[in-house]
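Results of the structural survey
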Amino acid sequence: MSKDQKIKNSLGFHMLIAAGGSGVRAGFDIPKQYKPLHGKPVLRHTLEKFMGLQGVKSTRVVIGEGHESLYRAATAGLTLAPFVVVADTRKGSVYNGLCSYKDDELDDVVLIHDAARPFVSAASIHNLLDAMTTSNAATLACSMADTLVTDGYKTHDRNTIHGVQTPQAFRIGALKSAHEKFGRDNTFTDDAGLMAAMGEKVTLVPSPRDNFKITTNEDFIMAEKLLASQTQTRTGFGYDVHAFDPAPVAHIRLGGIDIPHNRKLLGHSDADVVLHALTDALLGTIGDGDIGQLFPPSDNQWKNANSAIFVAEALKRVTSKGGNIVNADITLIAEEPKIGPHRDAMQTRIANLLNLSPSRIGLKATTSEGLGFVGERKGIEAHAVVSIQFPSDME
Ligand code: MG
């Protein structure tokens, strides 16, 4: 999100995400809101849209019965209010969500949003909140481009017809009352409809058509293309060398694991040459200096530090810019110790550090055929390359 898109509206608000659908309509094996889209679940894409916005007081998801483990996997690491479980209809589910707010929050604004609309923009949310300064109900709505006809080819004036989207904004207490009065009436398919039935004027806030609801497989294909056009891929490279310490020891730390060996590497931290190269590769994608600048050896707090800390900090910096790691590829060059027996453990450890599947971590080891300082068993070197997708508008 660029700086000028940040929500300037001083009105705080709550987010309530309807994610209770079973997804059976589209014939998917898992509910569509948990299906992976461009490497992560649809629900996560949607939630991440609200995470950095100014004014969000809470974000709560209404989830389907039995979806708890899917939900936990999709939302790991996000700060969310406790989830609420669905009722047997969408309206009932939203009502369950509304009941989770405290009495002193009933005058607050809540934005109700479909989990399957991951393309909502910060600008649209800003416009919606703006509308709520003069309105009691507002919804995003898009204009119609196609000629609209009913059976028998009766043409309708498309200027008077709108495609209603979400988020929709209301005062929590007012929407709760509307649900209590009309919630069992099946003619209403959205919350703004309930408010209109209460006699409230619903403000239509123009929204782009790309805020569509992912429903069918065709929608998934369109969403993939849209996300691909909204990302830029960057590559980072890291290189590191450490010399062997002549003093005898029991273990050497490489790739985040301790391998039984009689020599370790010299260094201020744990001297994990693999994780140092990886840290520099991560930082390289955002032009954010290098490991020596972030964790200077002159600083005593990094003495004997576990290098997993350095990877975590670099990952945090990448993630804060919206980065999603595609893969990491690492080559370790050493005459000793033998890496082969420990390769899988190292790969798994690095995958865990980066929150990736091990299949996205390349880890290769080679000797240098007796040539150079590595060949003379004076030290070990490591090279790392990472590929990371960032938002296309990132500077
Ligand atoms: Mg180093």
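Below is a summary of the structure that appears in this document. All residue numbers refer to position in the chain's written sequence, counted from 1. This being a predicted model, a pLDDT of at least 70 is required before a residue's local features are given, and a value of 80 or more before pairs of side-chain atoms are given or counted; all residues contribute to the totals for chains, interfaces and linings. Excluded from the side-chain calculations are hydrogens and water; all other atoms, namely the structure's heavy atoms, are used.

Moving on, we come to the coordination of the magnesium ion. Coordination partners: N, O, S within 2.8 Å of the metal, 3.2 Å for Na, K and Ca; water not considered, so apparent gaps in a site are possible. The protein atoms donating to the magnesium ion are D240 (OD), H242 (NE2) and H276 (ND1), with metal-donor distances spanning 2.1 to 2.3 Å. Mapping the donors of the magnesium ion onto the primary sequence gives the spacing D-x1-H-x33-H. Highlighted residues: H242 in strand β12 (residues 231-243) and H276 in helix α8 (residues 273-284), separated in sequence by 34 residues. Put simply, DSSP H or I for four residues or longer makes a helix, DSSP E for two residues or longer makes a strand, and each gets a number counted from the N terminus.

One open sheet holds the 7 strands; their spatial order is β5-β4-β1-β6-β10-β7-β11, and the pairing between them is mixed. The open sheet has two edge strands with one neighbour each: β5 (84-85) and β11 (203-206). Two strands pair under a simple rule: DSSP has to find at least two bridges between them. Relative to strand β6 (residues 109-114), strand β1 (residues 13-19) runs parallel, the two being bridged by 6 bridges. In the sheet register, I17 faces β6, and the bridge partner there is H113.

So, on to the sheet that holds strand β16 (residues 361-366). Read across the sheet, 4 strands follow the order β12-β17-β15-β16 without closing on themselves; strand pairing throughout is mixed. The sheet is open, and its two edges are formed by β12 and β16, each paired on a single side. Going from strand to strand, the sheet's axes swing by 10° on average, the running direction of each strand aside. The sheet contact formed by strand β15 (residues 324-333) and β16 spans 6 bridges and is parallel. Bridging from a neighbouring strand, D329 pairs with G362 of β16. On the sheet, α8 packs against β12, β15 and β17 (379-391) and is oriented at approximately 150° with respect to β12. In this description, a line fitted to the C-alpha atoms serves as the axis of each element, helices being fitted only across the stretch in contact, and the angle between N-to-C directions of two axes falls anywhere from 0 to 180 degrees. In this analysis, two residues are considered to be in contact whenever any of their non-hydrogen atoms come within 4.5 Å of each other.

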